[in-house]
Amino acid sequence: MEKKGTLIVVSGFSGVGKGTVVKRLVEDYGYSLSISATTRAPREGEVDGREYYFKTREEFMSLIDYNGLIEWAVYVDNYYGTPRAFVERELAAGHNVILEIEVQGAMNIKSQYPDSVLIFLTAPSAEELKNRLIGRGTEDPAVIEKRMKRAVEESEDMEQYEYIVVNDDLDQCVKDVNSVIVAKSCRLEENKEFMNKMKAELKAL
Ligand code: 5GP
């Protein structure tokens with residue numbers, strides 16, 4: 001029997017480099033990446049259907065109404081949500097799917113999909129986090145302020161996650177996240193079916 005894929009939730013502070021880490025996980029290890037819908041305006045260089053599906057508020061509300069999202073949340077004045085069809089299709093095909101979402105969404109996913117893996121990415125220090133946010137140059141000071149405030153709240157939620165990975169060196173961080181996912185897939189409870197098959201085969205020989 002084909003094993004169903006695993007849902008991997010990657011969260012982390014704004015500016016920690018989640019997007020880059022997740023992109024590398026897709027390129028280096030072949031994970032499927034879910035593209036979220038959002039009402040946030042595209043940043044320079046962002047393309048509709050690549051970084052996000054950019055929606056009006058009305059479009060987003062109708063996605064919610066017809067159950068098109070498996071979860072959604074409001075983050076710094078905008079709506080963000082995970083489209084249902086892609087995730088369900090990929091999991092059924094046995095692919096591991098990454099969701100790069102915030103804390104409320106992560107909790108929502110864990111309650112709907114108890115087998116999902118929750119990973120929180122952090123910078124090595126608060127100072128470094130602020131520098132990365134400023135260095136990105138995509139946000140005005142008021143938004144940076146809001147996101148740093150939000151980071152204080154998010155730091156309280158770090159404990160809800162199963163794994164904390166520090167993004168200091170990018171290559172190392174990508175390897176660490178992959179190792180977490182591999183370790184999870186090797187756990188006893190993930191392999192009951194395989195063990196039973198092995199036992200039966202051994203008896204039959
Ligand atoms: P940004 O505006 O920086 O792209 O994203 C802001 C926050 O929204 C990030 O923490 C990101 O992980 C989160 N986010 C992106 N997509 C989704 C989603 O589909 N659902 C939820 N709950 N959060 C999301």
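A brief look at the structure comes next. Only a predicted model underlies this, so the values are computations on that prediction, with no experimental measurement involved. (Residues numbered from 1 in each chain as written. Predicted model: local features only at pLDDT ≥ 70, side-chain atom pairs only at ≥ 80, totals over all residues. Heavy atoms only, no water.)

Here's the deal with the site of the ligand
- Around the ligand sit 16 residues in total, of which S36, R40, Y52, E71 and Y80 are the nearest.
- At 2.9 Å, a side-chain N or O of R43 approaches an oxygen atom of the ligand.
- Y52 has a polar side-chain atom sitting 2.5 Å from an oxygen atom of the ligand.
- When isolated, the ligand has an accessible area of 520 Å², and the protein chains bury 95% of it. (Near = heavy atom within 4 Å. Polar contact = N/O pair within 3.5 Å; in protein donor to acceptor, adjacent residues only side chain to side chain. Areas by Shrake-Rupley, 256 points an atom, 1.4 Å probe, with all protein chains shown as cover.)

Comments concerning the pairing of strand 5 (residues 69-75)
- The buried fraction of strand 5 is high, at 5 of 7 residues.
- Where strand 5 and strand 6 (residues 78-83) come together, 6 bridges link them in antiparallel fashion. If you follow E71 over to strand 6, its bridge partner there is T82.
- Here strand 5 folds back onto strand 6 in antiparallel fashion, the turn holding 2 residues, of which V76 has a positive phi close to 40 degrees. (Buried < 20%, exposed > 50% of the residue type's maximum accessible area, 1.4 Å probe, protein only. Helix = DSSP H or I, 4+ residues; strand = E, 2+ residues; numbered from the N terminus. Pairing = 2+ DSSP bridges.)

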